[in-house]
Amino acid sequence: MNLRMRIELPTRARAFQPPFGVSEITKRQLEAAGTMSRRQLLQRAGGGLGWLAFASLLGRNATAGPLNPLAPRASHFAGTAKSVIWIFANGGPSQVDTWDYKPELAKRDGTELAGFDNKTGFFPGSVGPLMKSPFAWEQSGQSGTWTSDLFPHLARQVDKLAFIHSCFTNSNNHSPALFMMNTGVTRMGYPCVGSWVTYGLGSESDALPSFVVMSDPLNRGLPKGNALNWGAGFLPSVYQGTWLKPQGEPIANLKPPANLNEQRQRAQLDLLASLNRDHLAGSALDHELGARIESFELAYRMQAAAPEAFDVSREPEHIRRLYGIGEKHCGHFAAQCLTARRMVERGVRFVQVYSGGMENQQSWDCHSDLIGNHRGFAAEADQPVAALLADLEQRGLLKDTLVIWAGEFGRLPVSQKGGKPGRDHNPHAFTAWLAGGGVRGGVHYGETDEIGFRAAVNKVSVRDFHATILHALGLDHEQLAFKFQGLDQRLTGVERARVVKEIFA
Amino acid sequence: MNGPQVREWAEAFARRVEAETSGGEVPAQIKRAYLLALSRSATAKEQVSAAAFLASQTSSYVAEKKPNATHLALADFCQVLFGLNEFAYEN
């Protein structure tokens, strides 16, 4: 179904009946798309020309009953994934120490990198010589993928993973790079991938938020840029990510006040909805107002659905042990990964979990002590993420769930000077992997140069990466658009972006 | 919807409406609440909806033998007013 199909707005007030001024082709398209006629739409919505614009905003599949911007919608073509879990390695893990094996770097350990621009990273005054990976590497799985000893659990799942070794980005600092990775633009305020996906596909769950974000529960902070990383930008705000509180109740105030029983609360919400709808019918279109009406209904349903969904203690013992729930080093992250699985199981469209807190030693941002930093964060993430893959697979969910591992940039092959050397930011190369959702395991796409400094072969820009995620979900990145400020805005912007078809089966 | 802060404000607003009308007259309370919250009179339709809501909430509280049933019902209504788009957004 073509999102570009427009419902022609009548130029004369009388022309509300579909046959009038509507071509035969459009009528057939409307019928084929299962869309309501404009008259039906206006009747159901209680009048107002603005609703036509709202309806075309939603595209097809306007459901019976009040218009719901989160109603599930068909993709552009048959995709292979229905939902996404993105493990965001915050701070920028080092590719040459995690997934990009570079024996040449070991050979040149201790030598200067000739011609290196000291301003590549963030600290021009701290540039050291080339530094080999201090971790042990070996080949794993049938694919023979080189894995570092940071990830013993993921090494056993390695044949599920498709690697892109040639990612690169446009900024060498966290906030703009985070915005780039999440929204495709280094400046703040643009819609993120999760918002575009929810805008394009709606949600399969009417009782949980469609797009959920989890961040560090150990008081190490939020990713830089905070909620701008999961914001809806100029898309209707109904598509923004719901950030779950990392400690205590993930969503506050799920319980009604003591005096309100079910029936009395329902009566309140019914009165509220009816008054709000009358107000909306009488005023100019604002899809924000419509979305706000719907948000109370979602909140009502969430009262029952959310506590159940977040309660990982309901999982059987063997599953909790698989993820590492209760383990000192990874229990916190295990709970989040298990929650992510429970979310997608219940129809949540997009889940993003941030590994690590804000920066430096609180995240993968190993300016100092590469070994300590990466051993620590890998220990937090390895078992839970590997368990997530295995668990999704055994439930038959992996084929429908695109799992992503990616951070905002990579790290330099030269050391950053200090008592315990680290590595500085590197926008020119990082590795991401994807699994599930139609991805072909064992694929290694793209290469960096022999020391892992720059993406060199089959480079994949962040826009290409986004196009690829949308493709997995059956969305054409050139068709998924939203009119804003006179432009058909797209996640992948104006320049050509390429789907990395090679990673799909 | 469930925030304790909003509930407190709704209760305080209800007490104010009760204080500024006399005799516990429901139509007068509805009128006063609309005037304070939305700077306008309630339409006839809104009066009817609000009165019906107050009546049914009150009976529900009375059935549970709550001594301040009418006040609780009014607070529920005030909480609804705070939830309105018209209340939340300036035009």
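Just so we're clear, the structure is a prediction, and the values are computed from it rather than from any experiment.

Engineer: What is the right way to look at the interface of chain A and chain B in this model?
Structural biologist: With 27 residues of chain A at the interface, the matching set in chain B holds 25 residues. Between chain A and chain B, roughly 2300 Å² of surface is buried when both sides are summed, and carbon and sulfur atoms account for 56% of that area. Our enumeration of links across chain A and chain B arrives at two salt bridges. As a salt-bridge pair, R264(A) and E64(B) come within 3.1 Å of each other at their nearest N and O atoms. The interface formed by chain A and chain B holds 16 residue pairs in polar contact (both at pLDDT 80 or more) in total. Of all the elements in the fold, those that place two or more residues in the side of chain A that touches chain B are α9 (262–282) and α10 (287–310) of chain A.

Engineer: What exactly am I supposed to notice about the pattern of salt bridges here?
Structural biologist: In a structure, side chains of opposite charge can pair up when their charged atoms sit close to one another. Residues and elements named next belong to chain A. Using the criterion set out here, one finds 42 salt bridges over all chains in the structure. R220 is the partner of D216 in a salt bridge, and the nearest nitrogen-oxygen pair spans 2.8 Å. Note that E315 and R341 form a salt bridge whose closest N and O atoms lie 2.7 Å from each other. A residue pair is termed long-range when its members are at least 10 positions apart, and E315 in the loop between α10 and α11 (317–323) and R341 in helix α12 (residues 331–345) qualify at 26 residues. The exposure class assigned to E315 is buried, which follows from its relative accessible area of 5%. Residue classification places R341 among the buried residues on the basis of a relative accessible area of 2%. The network of salt bridges with shared partners includes E308, E315, R341, R342, E345, R346, D391 and R395.

Engineer: Help me understand the packing of aromatic side chains in this model?
Structural biologist: The description of an aromatic ring pair rests on the distance of the ring centres and on the angle between the ring planes. Within this structure, the stated rule accounts for 27 aromatic pairs over all chains. Residues F13(B) and F82(B) carry aromatic rings whose centres are separated by 5.5 Å and whose planes lie at 25° to one another, so their mutual orientation is stacked. Here the residue F13(B) occupies a position in helix α1 (residues 4–20), and F82(B) occupies one in helix α4 (residues 69–83), the gap between them amounting to 69 residues. Both residues of the pair, F13(B) and F82(B), count as buried. Site record: aromatic cluster; members linked through ring pairs are W99(A), F151(A), F163(A), W364(A), F377(A), W405(A) and W433(A). Looking at R266(A), its charged tip hangs above the ring of Y300(A), at a distance of 4.4 Å from the centre. One residue, K459(A), lies across the ring of F168(A), its end atom 4.9 Å from the ring centre.

About the cut-offs
- Residues numbered from 1 in each chain as written.
- Chains lettered and ligands numbered in written order.
- Predicted model: local features only at pLDDT ≥ 70, side-chain atom pairs only at ≥ 80, totals over all residues.
- Heavy atoms only, no water.
- Contact = heavy atoms within 4.5 Å.
- Buried area = accessible area lost by both parts, 1.4 Å probe.
- Salt bridge = Lys/Arg side-chain N within 4 Å of Asp/Glu carboxyl O.
- Polar contact = N/O pair within 3.5 Å; in protein donor to acceptor, adjacent residues only side chain to side chain.
- Helix = DSSP H or I, 4+ residues; strand = E, 2+ residues; numbered from the N terminus.
- Buried < 20%, exposed > 50% of the residue type's maximum accessible area, 1.4 Å probe, protein only.
- Phe/Tyr/Trp six-rings, centres within 6.5 Å; stacked < 30°, edge-to-face > 60°.
- Lys NZ or Arg CZ within 6 Å of the ring centre and 35° of its normal.

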